[in-house]
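# Results of the structural survey
Take a look at the letters that make up each chain.
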Amino acid sequence: MVGGASLRGEVSVVGAKNSALKLMAGSLLAVGKTHLSNVPAIIDVTIMAELLRRLGCVVDYDTAAGVVDLDVPATIMHRADYELVRALRASICVLGPLVARCGRADVAVPGGDAIGSRGLDMHAKGLETLGATVHVNHGYLIAEALDGLHGGEIRLDFPSVGATENILMAAVLAQGETRVRNAAREPEIVDIAAFLSKMGARIEGAGTSVIHVEGVAALSAVSHEVVPDRIAAGTWAFAAATTGGDVEVVGAEAGHLGTALDLLAGAGSDIKVTDRGFRVTATARRSAFDVATLPYPGFPTDLQPFALVYNAVAQGSAMVTENVFEARFRTVQELARLGADARVDGHHVMLHGVDRLSGAPVEASDIRSGAALVIAGLVADGETTVSHAHHIDRGYAGFADALRGLGADVTREPDDTAPFL
Ligand code: UD1
């Protein structure tokens, strides 16, 4: 891409990747036909669809319509192979549904994004409290509850999104009551709870730190629309602010981005909630701001790379602190190649804003760092090339097209580093 343009116009966001994948896994809990709409057109959904097919489901994914139709048979397989789990870490979310439905789940220990060490101990402990035995054998996490699951009291050491989801999706079919304390409160958790409740589950407190579940004997398949993608919406908010632009983000839910939008507004961008979403209008050069990532409703770790890029070209100095994942600072070394004044110190990055970056070849290491580096390229003189751009496709359908629609000079080149599915 060639830097220089301020982004102007409107852009749409669809359903959240991080909810759609979990809803697909959750569909395993009911025999019959689940219909999901507002599903993003991304490779991760394709991988999850394939994983569910191998478990015995019939899955139809219409990327143009944003629809996934799943037909779940009465008997399903319980093993998720390494080949697919490696390609999609989020596939660990079939663990809870499989053990609830089959009394056993064998899920390969995942690979996925290169962002810090991501343990599974809270997933395992939670399922053990519900009566499963959990162990790792030949690269597989095996959870067994041959006599079925029962309710239990669980307190998470950290409000892990994935652990909360797996426990929730197991507890809905367990016998008796489950209480999860220090549960994750992300909007995607609320979405999954709403989906499960429609199916007949009894859940209270989703969106708060204490979730209460009363198990039921069976659930029935339903239709559901995926919650808007707050991380994609936040990406566009940062893209507008960083480039000094004016962008309406259509389909977004501003209330899910409170902390991020407040920070941008406090640093000089004008944010308005509109009928269709929200609009970010930036003026001249924005001021730098300190930010620390935290579980929801704090500032999302998935927007941290965008905060780095924003502050790299903002007026003043800033400290960006990562509290959720270890070693999620691979964007920094690439930003330095573009001339950013940024230094990593433990889980902090100190930045001193510069007027402009200068274009160079850089490499995407995960979905968000890739998209953030593209935005960096928009505020860099000359040409920037982001390699390994297949990472970006995993979170954003048609990212380059959307940027061009907002006036950016960006093209998507063929990418021979993309993993083959
Ligand atoms: C999800 C999102 C991801 C987002 C993250 C935090 C999906 C597919 N991914 O990831 O985009 O960045 O939430 O908002 O929804 N941990 C443990 N043991 C466990 C579980 C987690 O130590 O058993 C640690 C992880 O290493 C990490 C932290 O807890 O440091 C948060 O992880 P978690 O909230 O579980 O994130 P994910 O569900 O993996």
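Heads up: the structure comes first, above all this text.
Attention here is on the structure that accompanies the text.

Calculation rules
- Residues numbered from 1 in each chain as written.
- Predicted model: local features only at pLDDT ≥ 70, side-chain atom pairs only at ≥ 80, totals over all residues.
- Heavy atoms only, no water.
- Phe/Tyr/Trp six-rings, centres within 6.5 Å; stacked < 30°, edge-to-face > 60°.
- Helix = DSSP H or I, 4+ residues; strand = E, 2+ residues; numbered from the N terminus.
- Buried < 20%, exposed > 50% of the residue type's maximum accessible area, 1.4 Å probe, protein only.
- Pairing = 2+ DSSP bridges.
- Axes fitted to C-alpha atoms, helices over the stretch in contact; angles between N-to-C directions.
- Contact = heavy atoms within 4.5 Å.

### Topic: the packing of aromatic side chains
- This structure, assessed with the given rule, holds 6 aromatic pairs.
- Between tryptophan 236 and phenylalanine 399, the ring centres sit 5.3 Å apart and the planes meet at 40°, which makes this aromatic pair tilted. Placement of the pair is tryptophan 236 in helix α8 (residues 230-242) and phenylalanine 399 in helix α14 (residues 399-405), with a sequence separation of 163 residues. In this pair, the class of tryptophan 236 matches that of phenylalanine 399, namely buried.
- Ring centres 6.2 Å apart and planes at 85° place the aromatic pair phenylalanine 238 and tyrosine 310 in the edge-to-face group.

### Here's the deal with the sheet that holds strand β15 (residues 270-273)
- Read from one edge to the other, the open sheet built from 4 strands follows the order β1-β14-β16-β15, with strand pairing classed as mixed. Two strands lie at the open edges of the sheet, namely β1 (8-12) and β15, each paired on one side alone. This sheet shows a mean twist of 15° between the axes of neighbouring strands, independent of strand direction.
- Note that strand β14 (residues 246-250) and strand β16 (residues 277-281) share 5 bridges and pair antiparallel. Bridge pairing in β16 links valine 247 to valine 280.
- Sheet strands touched by α8: β1, β14 and β16. Its angle to β16, the strand with the most contacts, is close to 20°.

### Some remarks on the environment of aspartate 191
- With respect to the helices and strands, aspartate 191 occurs in helix α7 (residues 187-198).
- In this structure aspartate 191 comes out as buried when scored by relative accessible area, which is 7%.
- Linking aspartate 191 and valine 134, residues 57 residues apart in sequence, is a C-alpha distance of 27 Å.
- Not counting residues within four places of it along the chain, the set of residues in contact with aspartate 191 comprises Ser19, Leu23, His224, Glu225, Val226 and Val227.

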